[in-house]
Amino acid sequence: MATAGKVIKCKAAVAWEPNKPLVIEEIEVAPPKANEVRIKIVATALCHSDFHYLVEFTPKENFPIVLGHEAAGIVESVGPGVTEFQTGDKVIPLYLSQCRECRFCKSPKSNHCENSAPPVPIKAEPDYRYTCKGKNVLQFLGTGTFSEYTVMNQIAVTKIDPAAPLDKVCLLSCGICTGYGAAVNTAKVEPGSTCAVFGLGAVGLAAVMGCYVAGAKRIIAVDINPEKFEKAKVFGATDFINPKDHNKPIHEVLIEMTNGGVDYSLECAGNVGVMRSALESCVKGWGVSVLVGVTNMQDIAARPIQLIAGRTWKGSLFGGFKSKDGVPQMVKAYMDKKVKLDEFITHNMTLDQINDAIELMKHGKCIRCVMSFSPQ
């Protein structure tokens with residue numbers, strides 16, 4: 001491409017400070033260095049993690065930043081040493097790397113990678129890939145996809161089927177793999193089992209789908225917003241509980257419904273109180289509860305007897321998928337109609353409408369909003 005090796009000026013949504021609207025700006029995107037890939041973003045979705053970073057806990061010194069990490073695009077150019085990708089490849093950027101060389105990547109027991117970018121990459125000045133109005137701009141999770149172009153290390157990019165629709169499979173770079181994999185890979189839901197999913201955002205609905213695909217006979221969807229129950233039914237939920245409709249703790253309700261507790265529970269709300277309820281809703285002896293929702297604001301607590309009685313409490317990052325391997329497999333599953341994606345998308349917008357998308361998410365009116373930049 002004519003832009004290869006040159007700085008690209010393009011549109012991006014910049015967060016200049018916490019808890020303030022994003023601003024559409026012209027930014028400069030550096031060309032890729034050794035082992036880097038520059039990607040033209042075609043579609044990017046708003047994930048709750050972006051919203052969480054913006055409004056809930058981030059100090060002002062971690063701005064300005066370009067948020068966004070759930071995306072898909074096309075390789076514009078590659079840096080020296082890149083052999084896995086070439087211009088024109090359809091790719092998905094990954095917030096969780098897979099370098100294939102570290103102890104975690106080499107172990108089948110984990111999908112972690114010690115070379116993944118931190119949530120806020122405070123880099124030496126020469127390594128910033130974005131600048132705006134003369135200031136260095138951070139990339140959230142090393143991705144920063146609320147921009148027409150991004151630059152990433154090749155260990156955090158995966159090539160996908162060239163026939164895949166980027167405005168759909170972009171969802172697989174975070175939320176859908178996170179929830180689906182938590183059920184299939186982490187909990188290892190078994191056919192004929194009973195499951196409970198707490199929180200019916202995109203991640204929770206994906207967990208419902210994972211339980212269904214794994215063969216669970218009963219999937220109990222729990223949320224304080226009953227408007228989400230019809231959507232949960234689409235993904236395979238069989239029962240629905242609104243905790244506000246009961247005058248007893250929700251785990252007691254579930255225990256009564258299931259003759260002693262569910263086989264598997266998945267907490268997808270990021271609430272420490274709900275995490276405890278999810279654990280306590282599991283049957284003693286073999287119940288497995290998985291923490292999926294993200295929060296780092298409070299400690300979790302439980303009575304030791306809950307675990308001594310035989311329950312297992314587990315955490316799941318990115319659904320247990322090794323990213324470069326797992327995401328193309330999920331793209332294939334979508335193309336083969338084995339998993340749903342279209343049904344998660346409640347809104348389609350452009351990047352200029354990013355603040356509208358944030359407002360929809362803030363008020364629980366959106367499962368996933370996909371923002372497109374240009375035709376594929």
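Structural data are supplied above this passage.
Residues numbered from 1 in each chain as written. Predicted model: local features only at pLDDT ≥ 70, side-chain atom pairs only at ≥ 80, totals over all residues. Heavy atoms only, no water.

Caption draft 1: Focus on the overall build of the protein chain. Scanning the protein chain from terminus to terminus reveals 11 helices and 18 strands. By the compact-globule yardstick of 21 Å for 376 residues, the protein chain fits well, its C-alpha radius of gyration being 21 Å. Considering only contacts within the protein chain whose residues lie at least 6 apart along the sequence, 69% involve residues at least 24 apart. In the structure as shown, the protein chain presents an accessible area of about 16100 Å², 52% of it carried by carbon and sulfur atoms. (Helix = DSSP H or I, 4+ residues; strand = E, 2+ residues; numbered from the N terminus. Rg over C-alpha atoms; globule rule 2.2 N^0.38 Å. Contact = heavy atoms within 4.5 Å. Areas by Shrake-Rupley, 256 points an atom, 1.4 Å probe, with all protein chains shown as cover.)

Caption draft 2: Spotlight on helix α5 (residues 202–213). Here α5 contains 12 residues, and its C-alpha end-to-end distance of 16 Å stays within 8% of the 16 Å for a straight helix at 1.5 Å per residue. When you tally the buried positions in α5, you get 10 out of 12 residues, the bulk of the element. What α5 keeps buried is the set Ala202, Val203, Gly204, Leu205, Ala206, Ala207, Val208, Met209, Gly210 and Cys211. Against α4 (175–187), β11 (194–198), β12 (218–222), α6 (229–234), β14 (264–267) and β18 (368–372) lie the buried residues of α5. Directly after α5, the chain includes Gly215, whose backbone phi takes a positive value near 100°. (Expected span 1.5 Å × (residues − 1). Buried < 20%, exposed > 50% of the residue type's maximum accessible area, 1.4 Å probe, protein only.)

Caption draft 3: Broad picture of the side chain of Asp263. Along the polypeptide, Asp263 turns up in the loop between α7 (250–257) and β14. Buried charge without a partner: Asp263 forms no salt bridge, and the closest opposite charge is Lys217, 7.0 Å away. One polar contact links the side chain of Asp263 to the main-chain amide nitrogen of Thr194, over a distance of 2.8 Å. Within the structure, Asp263 has its side chain in polar contact with the side chain of Trp286 (distance 2.8 Å). Excluding anything up to four places from it in sequence, Asp263 contacts Ser193, Thr194, Val283, Trp286, Gly287 and Val288. (Lys, Arg positive; Asp, Glu negative; His and termini not counted. Salt bridge = Lys/Arg side-chain N within 4 Å of Asp/Glu carboxyl O. Polar contact = N/O pair within 3.5 Å; in protein donor to acceptor, adjacent residues only side chain to side chain.)

Caption draft 4: Looking closely at the pattern of salt bridges. What the rule picks out here adds up to 16 salt bridges. A salt bridge links Glu256 to Lys248, with the shortest nitrogen-to-oxygen separation between them at 2.8 Å. A relative accessible area of 56% means that Glu256 is categorised as exposed. By relative accessible area, Lys248 is classed as partly exposed at 31%.

Caption draft 5: Inspection of the nonpolar core at higher detail. Phe146, Val169, Leu266 and Phe344 are the most contacted members of the largest nonpolar core, which has 111 residues in total. The dominant element in this core, judged by the number of residues it contributes, is α5, at eight residues. In this structure Phe344 touches Leu171, Ile176, Ala202, Leu205, Ala206, Met209, Phe235, Ile367 and Arg368, once residues within four positions along its chain are discounted. In this structure, Val222, Val253, Leu254 and Ala278 belong to the second largest nonpolar core, which totals 11 residues. (Core = buried A, V, L, I, M, F, W, Y, C linked by side-chain atoms within 4.5 Å.)

Caption draft 6: Main features of the packing of α4 against α5. Look at α4 against α5: their axes get within 7 Å of each other, and the N-to-C directions meet at 40°. Taken together, the axis directions place α4 and α5 in an arrangement best described as oblique. Handedness of the crossing formed by α4 with α5: right-handed. Note on element contacts: α5 touches α4 through Ala202, Val203, Ala206, Ala207, Met209, Gly210, Cys211 and Val213, opposite Gly175, Ile176, Thr178, Gly179, Tyr180, Ala183 and Val184. Its residues assigned to classes, the contact of α4 with α5 shows 11 nonpolar, four polar and no charged. (Axes fitted to C-alpha atoms, helices over the stretch in contact; angles between N-to-C directions. Parallel < 35°, antiparallel > 145°, perpendicular 65-115°, else oblique. Left-handed = near helix turned anticlockwise from the far one by under 90°. Nonpolar A, V, L, I, M, F, W, Y, C, P; charged D, E, K, R; others polar.)

Caption draft 7: Representation of the pairing of strand β6 (residues 90–93). Of the two faces of β6, the one carrying Lys90 and Ile92 and the one carrying Val91 and Pro93 are both buried. Bridge count between strand β5 (residues 70–78) and β6: two bridges; the pairing is antiparallel. Paired with Ile74 across the bridge in β6 is Lys90. In the sheet, β6 pairs with strand β10 (residues 157–159) via three bridges, with the strands oriented antiparallel. Bridge pairing in β10 places Pro93 opposite Val157. (Pairing = 2+ DSSP bridges.)

Caption draft 8: Representation of the sheet that holds β11 within the structure. The strand order across the open sheet formed by six strands is β13-β12-β11-β14-β15-β16, and the pairing between neighbours is parallel. Unpaired on one side and paired on the other, β13 (239–241) and β16 (312–315) mark the two borders of the sheet. Each strand axis lies, on average, 20° off the axis of its neighbour in the sheet, ignoring direction. Taken together, the five bridges between β11 and β12 define a ladder with parallel strand orientation. Directly across from Phe198, in β12, lies its bridge partner Val222. Here α5 sits on the sheet and contacts β11, β12 and β14; the angle it forms with β11, its principal contact strand, is near 170°. α7 contacts β11, β12 and β13 of the sheet and is inclined by roughly 155° relative to β13.

Caption draft 9: Spotlight on α7. Three or more residues of α7 are buried, namely Ile250, His251, Val253 and Leu254. The buried residues of α7 all sit within an arc of 155° when viewed along its axis, so they share a single face. Residue Asn259 follows α7 closely and has a positive phi angle near 60°. (Arc of directions from axis to C-beta.)

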